[in-house]
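Given next are the chains, with one letter for each unit.
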Amino acid sequence: MSWFDDMISSSWEFIVSIILTVFHVLNIPDWLLDPVLILTKVIILLLLFSLDLLMIVWYERKLIGRFHNRRSVTETGKFGLLQNIADFVKLMIKEDIIPKKADKFLHNLVPALFMFLAMVPLVVIPFGPNLWAANIETSLIFVVAMLSMTPGLILLGGWAGNNKFSAIGAFRSGLQMVAYELPMAIAAMSVVLLTNSLNLVTISTAQQRIWFIALQPIGFLIFLVTSVMALERMPFDLPEAEAEIVAGWKTEFGSLKFGLFMGAEYVHVFVVLSLTTILFLGGWYGPPVIGPLLPPVVWFLIKVHLLFIFYVWVRLSYPRPRLDQLLRIGWRWLFPLALLNLIVTALLHPYLVALI
Amino acid sequence: MATKEVLANPEYYLTETKNKFGDVIEETKVVGNQAVVYVKSSSVAKVARWAKEEMNFKQPIWLTAIDNKDNLELVYFFNHFGSPVIYTIRSFLDRDNPVVESLTSFWPAANWLEREMYDMFGIKFEGHPNLRRLYLPDDWEGYPLRKDYVPKEYPWKERVESYYDSNEYYKEHFKLADNEMLIHMGPQHPILHGTWKLMVRVRGDTIVEGWPEIGYIHRGTEKLAEGLRYEQIIPLTDRLCYVSSMSWHTLYTMTVEKLFGVEPPIRAQYIRTIVLEMQRIVSHIIWLIALAADIGTYHSLFLYGLREREKFLDLFEQICGARLTYTYSRIGGVAKDIPDGWIEKLKETLADLERHMPEYRDLMEGSELFHMRTRNVGTLSRETAIEAGARGPMLRASNVSYDVRKIDPYLLYGDVDFDIATAKDGDVYSRYLVRMGEVEESIRIIQQLIDKIPSGEYRKKVSPKKPVGEAFVRTEDPRGESAMFIVGRGTFNPYRLMIATPAYMNLSTIPYMLKNVPFADVAAIVASVDLCMGEIDK
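Residues numbered from 1 in each chain as written. Chains lettered and ligands numbered in written order. Predicted model: local features only at pLDDT ≥ 70, side-chain atom pairs only at ≥ 80, totals over all residues.

1. Considering the overall build of chain B
Counting its regular elements, chain B contains 21 helices and 16 strands. For a compact globule of 538 residues, the expected C-alpha radius of gyration is about 24 Å, and chain B comes in at 23 Å, within 12% of that figure. Taking the principal axes of the C-alpha coordinates as reference, chain B spans close to 60 × 60 × 55 Å. With 538 residues in all, chain B has 49% of them scored as buried. Long-range contacts, defined here as pairs at least 24 residues apart, represent 65% of the contacts in chain B between residues at least 6 apart. (Helix = DSSP H or I, 4+ residues; strand = E, 2+ residues; numbered from the N terminus. Rg over C-alpha atoms; globule rule 2.2 N^0.38 Å. Buried ≥ 20, exposed ≤ 12 C-beta atoms within 10 Å, placed from the backbone. Contact = placed C-beta atoms within 7 Å.)

Following this line, the structure appears as structure tokens:
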């Protein structure tokens, strides 16, 4: 796939040369060059990523429709492709209602912050060889940390609405974090044990010969389950359980604020699925034999999207458990299992490392 | 011990009553399978307690009153789980100061019934724990079902404006502790399936108590009916339940036929039995998909269920032109004959449903999470279910094998072979099992009848009548034992129409289930009741 790498690197060189020219012409000091380059990368990645996001939202709707035995969106654009844009425009032109007794400052702040926090981990995700915005040594910790900050924001947002249903949803979100966070981190830890690295790029490149799903099947399953919990997607959407608490912590947010939450949710989904892909499904490496047929980044995206289709399937098949049952799943089953998996990984470490 | 034949004979109960309470009994008579006892108003509770404890009458079917202009007549109907006899206690009350002893101390199921009578007739029940108006606002003037009631404008606007300051009222009334919170779920809320309000008092994530407040869409069907002719009321009874309107207007026409002394042709009876069972299937499908949606499956079963229901609605549309409120039954038969090819299509639809049932069962029962959400949730033990007045599938889920179709057969249910679906645990899962079982039994019933529909007329011409008399008919609605009682006093319109609605009694069992349960179980519990606000706020 050299032509693809060439294309990417030459276009990147082109952009860099433009930036350098601008720097030269305007006499901008050199120490600003690195931040500007990273920012440019981030913006380009975000633009490409938004396109992918639109696709994700569109085909989730289509898939749900097919699972439901109906047609889903059909009218706006070909196959309803423009429906999401129409929805976004609709959300933008709606009136922004802030409840009388709400905490106005938090009510305005939380949606923006939520989107921001969801976007930040994208910076360190390696989509392909040399296709990342920043490569920091502890990027895995960085992503997990950013992910676990969202329940805090949800608590703030739910509290800001001054609504009992919002508050209940927010507290549920906080409790849900207790259920998933440890098993999730420990499952990721066993991969770290294999690669001796917290760097997502190193973890990706370590899977050139064998994907970690083969060495860590239990870890993968735990990570998959806990990631659904972390994303608060059905069936683990307790904080916004429609039946009992209306829309949970989102109840009081409308118009663009709601749109931001919806968007941020899909960004979250993308980040977590990317993380699953990198940790267990071989990152940007394709499967053996047919691997070289497609560029690495395409393989990466295919894996993310297949995982997403699996998410949609799960979403449509199961009822949601209760809070106490969720905590029981997390603490009584997933946590000991993850620990056991870590111990076994540590014991078998020399043999497993030999396979890599 | 009395034998079954003796138990089925109303005379037996009358003799026993006369032997026990000689002096307070004013009159006794047998009307069909009703054992009617006229009791002095001071002894109503005594006789009712005796009927419950000694004679095994298990539940009050309904309580109603008739305004006789010079006095109020109180009428209780009680059912028996082992006999078709309906024990009826009637008593005359002073119109200016109607006071009678409450039955709630030994019959908790009478709670809402007595509140309703207080609301509509102003009858005061001594010893009732919470004698407030049931449907109307607390400061409403007058008693609507009395004959001399003159409607007055109610100050809705001031009432609505002052409503938001009423939190203090609740605090004062329900004495919240510091760590407790009162949540108004409704009148608009996703789980409620209609417009009512569920009040829950929570401590942390645990519901300490919960109780329903109803009356938001009360239309006064009983009062409206008093101003309409018998045949004009049929569409009105249709609106009692938007999920099973077929069963309601059929019940109404059956009651009027009994009052008129008209026997519908046998073909009409076949058709009615078939459409009633179809309606039961449709109603249970709606219940199933609502449960699935409420406990959090993302509407996948919802749409599969609607697909199934759609075929039945098409069939209904073919016979009566409507898809929701059918008005198909008429006094003396049915509105139209079944069209050509309808039976073949029905057979096909039933075969489809039978083929799909395992699939639906698998989507629900096949998932461990479904068991987690429904097992041991909202449990009503056998005793509590009977005490609280649970009806139909709710009762059968608590291991009570009671079905009006079996015990007091109407239409053609005496001729067909079917079983009563019961389950043992009384939780949400049992209710699910019972309703799924009933769908299968309904399929069986229809399949037995479908090839035997005799030819002949489907409707008898019945000219308008001015009947004098009373008629009481009870049927097994998809939600439980439903009944209607019509009093005719020689006019073209009924003097009094009583509608006994099972969903109302099932809703009144909610406080028994919402005690020390996690907050999230509200969804499963409320969904398991199978509510239909149209018939509750009748």
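2. Quick notes on the environment of B:Asp403
Residues and elements named next belong to chain B. With respect to the element layout, Asp403 can be found in the loop between helix H15 (392–397) and helix H16 (404–407). You can call Asp403 buried: it has 24 C-beta atoms within 10 Å. Taking the C-alpha atoms as reference points, Asp403 and Thr253, 150 residues apart in sequence, are found 21 Å from one another. Dropping the residues within four chain positions of it, Asp403 is found in contact with Ile420 and Glu476.

3. Details of the domain arrangement of chain B
The parts lose accessible area when they come together, and the size of an interface is often stated as this lost area. All names here are of chain B. Assigned domains of chain B: these are domain 1 (4–126) and domain 2 (221–536). A C-alpha centroid distance of 27 Å is found between domain 1 and domain 2. Taken together, the contacts link 16 residues of domain 1 with 20 residues of domain 2. Elements that contribute at least two residues to the side of domain 1 that touches domain 2 include exactly strand S3 (57–67), strand S4 (71–80) and helix H4 (110–121). Tallying contributions element by element places S3 first for the side of domain 1 that touches domain 2, with 6 residues. (Domains from an automatic or database assignment.)

4. Focus: unusual backbone geometry
A positive phi angle is found at A:Ser72, which is not glycine, with a value near 60°. If you trace the backbone, A:Ser72 turns up in the loop between helix H2 (33–67) and helix H3 (83–93). Phi angles above zero are rare outside glycine, and B:Thr327 is one such case at about 50°. Its place among the elements puts B:Thr327 in the loop between helix H11 (300–320) and strand S11 (329–330).

5. Focus on the nonpolar core
Nonpolar side chains tend toward joint burial in soluble globular proteins. All names here are of chain B. Grouped together as the largest cluster of nonpolar side chains are 246 residues, with contacts concentrated most on Ile123 and Met484. The element best represented in this core is helix H10 (residues 266–294), accounting for 18 residues. Mapped onto the domain boundaries, this core takes at least three residues apiece from domain 1 (4–126) and domain 2 (221–536). Sequence-distant contacts of Met484, that is, excluding residues within four places in its chain, are made with Leu251, Tyr252, Thr255, Val473, Leu497, Met498 and Ile499. (Core = buried A, V, L, I, M, F, W, Y, C linked by C-beta atoms within 7 Å.)

6. Side note on helix H4 (residues 104–119) of chain A
All names here are of chain A. Under the 1.5 Å per step criterion, the end-to-end length of H4 is 24 Å for 16 residues, consistent within 8% with the ideal 22 Å. At Val110, H4 is deflected by roughly 30°, the largest bend along its length, and proline Pro111 occurs up to four residues later in sequence. Those residues of H4 lying buried are His107, Val110, Pro111, Phe114 and Ala118. Where H4 is buried, its residues contact helix H5 (139–160) and helix H11 (255–280). (Expected span 1.5 Å × (residues − 1). Bend = angle between axes of the 7 residues up to and from the residue.)

7. Quick notes on the packing of helix H6 (residues 164–195) of chain A against helix H13 (residues 323–347) of chain A
Residue and element names in this part refer to chain A. Their axes nearest at 9 Å, the elements H6 and H13 cross at an angle of 10°. With respect to each other, H6 and H13 are oriented roughly parallel. In this structure, H6 crosses over H13, and the sense of that crossing is left-handed. Of the residues belonging to the contact of H6 with H13, the class tally is 22 nonpolar, 5 polar and 1 charged. (Axes fitted to C-alpha atoms, helices over the stretch in contact; angles between N-to-C directions. Parallel < 35°, antiparallel > 145°, perpendicular 65-115°, else oblique. Left-handed = near helix turned anticlockwise from the far one by under 90°. Nonpolar A, V, L, I, M, F, W, Y, C, P; charged D, E, K, R; others polar.)

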